[in-house]
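Structure at a glance
Here's the letter readout for the chains.
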Amino acid sequence: MFLHYYNATVMISKKKVPAQTKTKAPSAKKVTQKIDKKSAPKEEKKVAAVEKEVLLMQPPRGMRDILPVDQPYWERVRKALAVACQEYGFSRIDTPVVEYANLVTKTIGEGTDVVDKELYSFVTKGGDNVALRPEFTAGIARAYIQHGMSVLPKPIRLFSTGSVYRYDRPQEGRYREFWQANFDVFGEDDPILDAQIIHLAQRVVSQLGLKHIEFRINSIGTAESRRDYEKILVRHFEFQKQKLCQDCRNRLVANPLRILDCKEDKCAQLVISAPKFMDHLDQESRDHFKRLQEYLNELEISYVINPQLVRGLDYYTRTVFEIYSTDSEGKKTALGGGGRYDRLIQSLGGEETPAIGFALGMDRLVLEMKRLNVKLYQESKPKVFLAQLGELAKKKSLRLFSELQKNGILVAESFGRGSLKSQMRVANRLGVEVALILGQKEALDETVILKDMISGTQETVTQDKLVIAVRKILKGNQVVVAKRAEVIESSDI
Ligand code: HAM
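In this report, the structure presented in the accompanying data block is examined. What you are looking at is a predicted structure, and each value in this text was computed from that prediction instead of being measured.

We now examine the sheet that holds strand β6 (residues 129-132). Read across the open sheet, the 3 strands follow the order β4-β6-β5; overall the sheet is antiparallel. Of all strands in the sheet, those with a lone pairing partner are β4 (98-100) and β5 (121-123), marking the two edges. Across the sheet, the mean angle from the axis of one strand to that of its neighbour is 35°, orientation sign disregarded. In the sheet, β5 pairs with β6 via 3 bridges, with the strands oriented antiparallel. Looking at β6, one finds that F122 is bridged to V130. Packing of helix α4 (residues 101-108) onto the sheet brings it into contact with β4 and β6, and relative to β4 it is tilted by some 80°.

In structure tokens, the structure reads:
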């Protein structure tokens, strides 16, 4: 019965497999089909009578596979992040993909798009109200308090990376499942840390070969000055309430600051003439911001002050910033953003702990790298191929493979193939320098045939001398390559 069902499913899936990208995801309803009763054999008719939902050969909308062909870009990003963590002293922390929904809501804030519109929240079978993390800071702040990290020497620098989830309208560079690299620093409020965090962000993007980067910075003051500013904003927009979109009319009551980053054209127009936060900043934040600029100047990081920048998450105080890249047509893409959140830990029940952090959108970094055709790392390729012929040789070659591996020699093989000819074809395609051949005779004699694929010479060595013999050939080839390079260089002069 299972087999029949499986066949029927495959039959339909073959017809209807949608392309991975570009095509719109069909809804579950659309792909519910009836199995063709006439062509189905008797037994299958029973199954066919029931309407079967075809397995959708694609992930949910806004989510995607990152295929091996793209992994070198991701690998380069991961390596740049690992270097940055080492250089700036960040330790990695991994938190769950799922958190209690009220932690996320309390951290990010009611009235933000991330909480009100984009949260993947659900009730578990046990009745817990949980959410897929839409960013890292909520979980990290929770972990910081839960594990008593406040007793550790400050500042505490934590790095996280992984997938995050926002139910947004998908488009190029905007996904429902995407990846972030997140850096957070706890325990110091000196603006030198803000400058250092921005420097780190710059270091990572420039290491990835991304040019035309713009930093936008602003200060949104302390929680108190923010409350005062919100009152001023409400007074300003009350007059023009009718011109705002429905969301912003609600924001006017629930979270007026969010009007400043509304994406609706009509609201953006009204925002231009709105009072600026900078003009209502408390003196302490003003000084903090001034010192940040001095540090950035010292680091020769260019930036623009954007008084409209408030960020879409509620926990920020004082410094906020975003990183944009610009393409040749002037189109700007947000690669990352962050800021200070000096009150968050306390508001979640922890000790008073100033903090600053930011996240880079890894998917966007990769898109930009592709757009700019940046060079990728060449993965080390195996220089040795191990071929075998016959059952005994196949068995013995497993041990040889492991022996070479243990000695740091990368080996390719094609154990699944029987014929020597087809295995040597693979060896040629891979461009290896040495082919090792183990037949029935060699397996019994405990020897191996070594073929130098560059000179074409061949020798037989005992298996206990194999590693030495392989190294000798590889070293000899290195000398030949180096000599050739020397000749080319001298003929250039
Ligand atoms: P965010 O600005 O919401 O900040 O996200 C950071 C970056 O994630 C964005 O600049 C963008 O590159 C990427 N991103 C955001 N949404 C999407 C999406 N739908 N698809 C693809 N990429 C996206 C935060 O998340 C803060 N938690 C950063 C932070 C850490 N602040 C303090 N510490």
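On to helix α15 (residues 420-430). Taken as a whole, α15 has its buried residues at S422, Q423, M424, V426 and A427. Buried positions along α15 lie against β14 (384-388), β16 (434-438) and β17 (447-452). The backbone nitrogen of K421 has a side-chain oxygen 3.4 Å away, supplied by the residue at the start of α15, namely S419. With its phi angle positive at about 65°, G431 sits one or two positions after the end of α15.

Let's shift gears to the site of the ligand. Near the ligand you find 25 residues, and of these E135, Y175, D184, R311 and Y316 are the closest. Side-chain polar atom of Y316 to a nitrogen atom of the ligand: 2.6 Å apart, as the coordinates give it. With respect to the ligand, the backbone of G361 contributes an N or O atom lying 3.5 Å from an oxygen atom. Protein coverage of the free-state accessible area of the ligand, which is 660 Å², stands at 94%. Going through the elements one at a time, β8 (177-186), β12 (332-340) and β13 (355-361) are the ones with two or more residues in the shell around the ligand. Considering each element in turn, the shell around the ligand owes the most residues, 5 residues, to β12. When grouped by side-chain class, the residues that make up the shell around the ligand number 10 nonpolar, 9 polar and 6 charged.

The topology assignment puts T105 in helix α4. Separated by 33 residues in the primary sequence, T105 and A138 place their C-alpha atoms 8.9 Å from one another. Ignoring any residue separated from it by four or fewer positions in sequence, one finds T105 in contact with E110, V115 and L119.

Residues K395, K396, R399 and K406 make up a contiguous surface patch of positive charge. Of note, K395 is situated in helix α14 (residues 391-406).

Another aspect to go through is the packing of aromatic side chains. Summed over the entire model, instances satisfying the criterion amount to 13 aromatic pairs. A centroid spacing of 6.2 Å and a plane angle of 70° characterise the contact between W74 and W179, whose relative ring orientation is edge-to-face. Of this pair, W74 sits in helix α3 (residues 71-88) while W179 sits in strand β8, and the two are 105 residues apart along the sequence. Looking at R176, its charged tip hangs above the ring of Y167, at a distance of 3.8 Å from the centre. Taking the ring centre of Y324 as reference, the NZ or CZ of R216 above it sits at 3.8 Å.

What counts, and at which threshold
- Residues numbered from 1 in each chain as written.
- Predicted model: local features only at pLDDT ≥ 70, side-chain atom pairs only at ≥ 80, totals over all residues.
- Heavy atoms only, no water.
- Pairing = 2+ DSSP bridges.
- Helix = DSSP H or I, 4+ residues; strand = E, 2+ residues; numbered from the N terminus.
- Axes fitted to C-alpha atoms, helices over the stretch in contact; angles between N-to-C directions.
- Contact = heavy atoms within 4.5 Å.
- Buried < 20%, exposed > 50% of the residue type's maximum accessible area, 1.4 Å probe, protein only.
- Polar contact = N/O pair within 3.5 Å; in protein donor to acceptor, adjacent residues only side chain to side chain.
- Near = heavy atom within 4 Å.
- Areas by Shrake-Rupley, 256 points an atom, 1.4 Å probe, with all protein chains shown as cover.
- Nonpolar A, V, L, I, M, F, W, Y, C, P; charged D, E, K, R; others polar.
- Patch = residues over 30% accessible without salt bridge, like charges linked within 9 Å, V, L, I, M, F, W, Y side chains within 5 Å.
- Salt bridge = Lys/Arg side-chain N within 4 Å of Asp/Glu carboxyl O.
- Lys, Arg positive; Asp, Glu negative; His and termini not counted.
- Charge placed at Lys NZ, Arg CZ, Asp CG, Glu CD.
- Phe/Tyr/Trp six-rings, centres within 6.5 Å; stacked < 30°, edge-to-face > 60°.
- Lys NZ or Arg CZ within 6 Å of the ring centre and 35° of its normal.

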